[in-house]
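Next come the chains, spelled out residue by residue.
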There are 2 protein chains.
Amino acid sequence: MIEINAPQLRESHEARMMTFPEQFERFARIHLPANLSDAAILRFQALGRAAAVSREEALALNLHADHLVFVCSGATKLVAHASDRRDQVVGFHFPDELVVVPARAEHSYTLEAVRPSELLVFDYRDFTELARSDPAVLRSLLECARGSLSRSREKSLALGRKTATERLAGFLVAMAVRIGSIRDGTLSIDLPMSRRDIADSLGLTIETVSRQFSVLRELGLLETTGKAGVRIPDLRALEARAGYLTEAA
Amino acid sequence: MIEINAPQLRESHEARMMTFPEQFERFARIHLPANLSDAAILRFQALGRAAAVSREEALALNLHADHLVFVCSGATKLVAHASDRRDQVVGFHFPDELVVVPARAEHSYTLEAVRPSELLVFDYRDFTELARSDPAVLRSLLECARGSLSRSREKSLALGRKTATERLAGFLVAMAVRIGSIRDGTLSIDLPMSRRDIADSLGLTIETVSRQFSVLRELGLLETTGKAGVRIPDLRALEARAGYLTEAA
DNA sequence: CGCCTCTTTGACTAGGGTCAAAAGTGGTGG
DNA sequence: CCACCACTTTTGACCCTAGTCAAAGAGGCG
């Protein structure tokens, strides 16, 4: 273990919790415009609250309101719940990302920690109301929503039309891009989520996910170390298994 | 046929094409703030172009740019294309709705007409650039994106975790809400899309969709008239078959 | 009215789910 | 430092839902 690109994902004993102002400062640096007045920043700060969520715990939220959550540290999943406790992970989130958690409708949504996480929570209505006349903040929210929409559409394609192997290959490619790092000269991922989380994200069972890991391993497309470690010797080769469109005009 | 709530979906011989200014005026009324100056409106108008697309035809777009498309009349589908010409419909759109069509990435997207449609096309970059300092326009775009994201997440849940029957039931409930009307005292839908479109939207085959129509018909949850007509005597009963979360605290 | 397409139904297959058990992981305490 | 233990992951055997292939039946436009 020479270097870790995403140290904020690690659970470590010495990980000091951030104070609320530190968390907010981090959020503001990324998602609020740089030239915002101190007074305006304080108004946004007044809307937020910090929440620490431990592994597999759901963030407590008012079910009847939309929320905006900023991930300071850790890793989270947004889970949609249908009848018969069938769950679908509709997205994973990593530090510095912003998530919109919808209110309960035909289905309910919970934001759950995949690793112990520090979160900053806003009421969506309050936040957009305060931002209603601030184009820079609105643009930031719009970009966030567009990114989520794009990932969600890719997921629809995977869930609707791809085989189990393609889904796992695509998932690992996406994770490599988002939280991968180079170790010993090889692209590596330290997966923060369990096989169950992956299964619930890909619309499969844990057994099928496990079998597909074996398939990709036997194809020489990846090596696994322990439960979480994945090494990808050839990202292009893995992409080719993901059912992506072949390069054409 | 006593009344039709969504006459704009009908293909009719006498349907006169709208002129570009008429189309734009309709778009502006819905998606631009009422108090926008004439000069500003003209700047937006200068960015748009009208396009008429016939049934099953794809809107011609620059593949390497995002687009914003307003549906004036007809009905469209946004289709994601994976390898081996497997297609996934990621959304349907009806008059007065706004769609974001993403540029080609790992997969490509096309916007195709399900009925002959009149569309208003904008380059997404140009549009947001012009709107960059207009909070009202940005809020409108944000609302549009949030609605699409919400529908897309519901679709992920359906594709990942629901049975064929639940998917069709949920689809018909959603269509009833979006384009249904009351005829002879019964909730009715005149489906603008083919069985293939429905299958591509639900991640099924046309045969399975057809079989599920038969299942719901035999359960007394719907009646079909011709290829497109669906009557829903009891919406609540159909919802109960859609795998929605049962009403709880 | 007739033809062509779309939809429905039927028979069979296969990919992934289910149930069960073995193997591996990693944390804890002796 | 290692052995134990609870839990997660992997593997195996079998099953079921939806896919595939094929053919019959309806619709609707000319």
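Since the structure is predicted, the reported quantities are computational estimates derived from the model, not experimental observations. Position numbers for residues start from 1 in each chain and track the written sequence from start to end. To label them, take the chains in the order written and letter them from A, then take the ligands in the order written and number them from 1. Two thresholds apply to this predicted model, a pLDDT of at least 70 for residue-level local features and 80 or more for giving and counting side-chain atom pairs, whereas whole-chain, interface and lining totals are computed over all residues. Each side-chain value is worked out from all heavy atoms of the structure, with water and hydrogens disregarded.

Caption draft 1: Quick peek at the environment of Lys-227 of chain B. Within the secondary structure, Lys-227 of chain B is located in the loop between β8 (223–225) and β9 (229–232). Sequence separation of Lys-227 of chain B and Ala-242 of chain B is 15 residues, and the distance between their C-alpha atoms is 22 Å. Only runs of H or I of at least four residues qualify as helices and only runs of E of at least two qualify as strands under DSSP, and these elements are numbered from the N terminus.

Caption draft 2: Structural detail: the relation of the copies chain A and chain B. C-alpha atoms of residues with pLDDT of at least 70 in both copies form the basis for the least-squares superposition of the copies. Once turned by 180° and shifted 0.0 Å along the axis, chain A lies on chain B with an RMSD of 0.0 Å. Such values leave the two copies arranged in the relation of a two-fold axis. By definition, residues are in contact when any of their heavy atoms lie within 4.5 Å. Looking at the interface residues of chain A, 98% of them are also at the interface in chain B, so both copies use one shared face.

Caption draft 3: Geometry of the protein's contact with DNA strand C. Definition of nearness: a residue and a molecule or strand are near each other if at least one heavy atom of the residue lies within 4 Å of the molecule or strand. Not every one of the 17 residues close to DNA strand C is listed here, only the nearest: Ala-164, Thr-208 and Arg-211 of chain A together with Arg-195 and Ser-214 of chain B. A share of 70% is what sugar and phosphate atoms reach among the atoms of DNA strand C within 4 Å of the protein. In protein, a polar contact means a hydrogen-donor-capable atom and an acceptor-capable atom, both N or O and within 3.5 Å, with residues adjacent in sequence counting only if both atoms are side-chain atoms; elsewhere, any N or O pair within 3.5 Å suffices. One nitrogen or oxygen atom from the main chain of Ala-164 of chain A is found 2.8 Å from a phosphate oxygen belonging to DNA strand C. At 2.2 Å from a phosphate oxygen of DNA strand C is found a side-chain nitrogen or oxygen belonging to Ser-214 of chain B. Going through the elements one at a time, α7 (206–218) of chain A together with α7 (206–218) of chain B are the ones with two or more residues in the surface near DNA strand C. When residues of the surface near DNA strand C are assigned to their parent elements, the largest contribution, 5 residues, is made by α7 of chain B. Three classes are used, and their members are as follows: Ala, Val, Leu, Ile, Met, Phe, Trp, Tyr, Cys and Pro are nonpolar, Asp, Glu, Lys and Arg are charged, and the others, Gly among them, are polar. The class makeup of the residues in the surface near DNA strand C is 2 nonpolar, 7 polar and 8 charged.

Caption draft 4: Structural context of the UniProt feature "domain: HTH crp-type" (unreviewed entry) in chain A. UniProt positions are given in the numbering used here, feature names are shortened, and annotations may be inferred rather than shown by experiment. Feature annotation in UniProt places "domain: HTH crp-type" (unreviewed entry) on residues 162–236 of chain A, given in this structure's numbering. Between the end C-alpha atoms of residues 162–236 of chain A there is a gap of 18 Å, over a span that is 52% helix and 20% strand.

Caption draft 5: Structural view of the protein's contact with DNA strand D. Taken together, 17 residues are adjacent to DNA strand D, and Ser-210 and Ser-214 of chain A together with Ala-164, Thr-208 and Arg-211 of chain B come closest. Looking at DNA strand D alone, sugar and phosphate atoms form 70% of those within 4 Å of the protein. At a separation of 2.6 Å, a phosphate oxygen of DNA strand D approaches a polar side-chain atom of Thr-208 of chain B. Among the elements of the structure, α7 of chain A together with α7 of chain B are those that each provide at least two residues to the surface near DNA strand D. The class makeup of the residues in the surface near DNA strand D is 2 nonpolar, 7 polar and 8 charged.

Caption draft 6: Focus on the packing of helix α6 (residues 195–202) of chain A against α7 of chain A. Residues and elements named next belong to chain A. Interaxial angle, 0 to 180 degrees, is taken between N-to-C directions of lines fitted to C-alpha atoms, where a helix line uses only the stretch in contact. Direction vectors running N to C along α6 and α7 enclose 100°, while the axes themselves pass 8 Å from each other. Relative to α7, the element α6 lies roughly perpendicular. Contacts from Arg-195, Arg-196, Ile-198 and Ala-199 in α6 reach Ile-206, Val-209 and Phe-213 in α7. Taken together, the residues of the contact of α6 with α7 sort by class into 5 nonpolar, no polar and 2 charged. For classification, angles of less than 35 degrees are called roughly parallel, those exceeding 145 degrees roughly antiparallel, those between 65 and 115 degrees roughly perpendicular, and all remaining angles oblique.

Caption draft 7: Fine view of the sheet that holds strand β7 (residues 186–190) of chain A. All names here are of chain A. In spatial order, the strands read β6-β7-β9-β8; together these 4 strands make up an open sheet with antiparallel pairing. Whereas interior strands pair on both sides, the edge strands pair on one side only; in this sheet they are β6 (181–183) and β8 (223–225). On average, each strand axis in the sheet is inclined to that of its neighbour by 35°, with strand direction left out of account. Sheet topology note: the β7/strand β9 (residues 229–232) ladder contains 4 bridges and is antiparallel. Whether two strands pair depends on DSSP finding at least two bridges between them.

Caption draft 8: Representation of the side chain of Glu-118 of chain A in the model. Residue and element names in this part refer to chain A. Topologically, Glu-118 is positioned in strand β5 (residues 108–123). Relative accessibility under 20% of the residue-type maximum defines a buried residue, over 50% an exposed one, and the middle range a partly exposed one, all with a 1.4 Å probe and only protein chains included. Counted as positive: Lys and Arg. Counted as negative: Asp and Glu. His and the chain ends are not counted at all. The salt bridge criterion pairs a side-chain nitrogen of Lys or Arg with a carboxyl oxygen of Asp or Glu, the two atoms within 4 Å. Despite its burial, Glu-118 pairs with no opposite charge; the closest candidate is Arg-26, at 7.2 Å N-O. In this structure the side chain of Glu-118 is engaged in a polar contact, spanning 2.6 Å, whose partner is the backbone nitrogen of Met-18. Not counting residues up to four positions away in its chain, the partners in contact with Glu-118 are Arg-16, Met-17, Met-18, Gln-23, Ala-51, Phe-70, Val-71, Cys-72 and Ser-73.

Caption draft 9: Broad picture of the pairing of β9 of chain A. All names here are of chain A. Two strands pair when backbone bridges link them, and β8 and β9 are joined in this way by 3 bridges, in the antiparallel orientation. Residue pairing for β9: Glu-223 is matched across the bridge by Arg-231. Hairpin geometry of β8 and β9 is characterised by an intervening segment of 3 residues between the two adjacent antiparallel strands and by a positive phi of about 70° at Gly-226.

Caption draft 10: Here's a closer look at the pairing of β5 of chain A. Residue and element names in this part refer to chain A. Burial analysis of β5 places 14 of its 16 residues in the buried class, which makes it a mostly covered element. The pairing of strand β2 (residues 67–81) with β5 spans 13 bridges and is antiparallel. The residue of β5 that forms the bridge with Val-79 is Thr-110.

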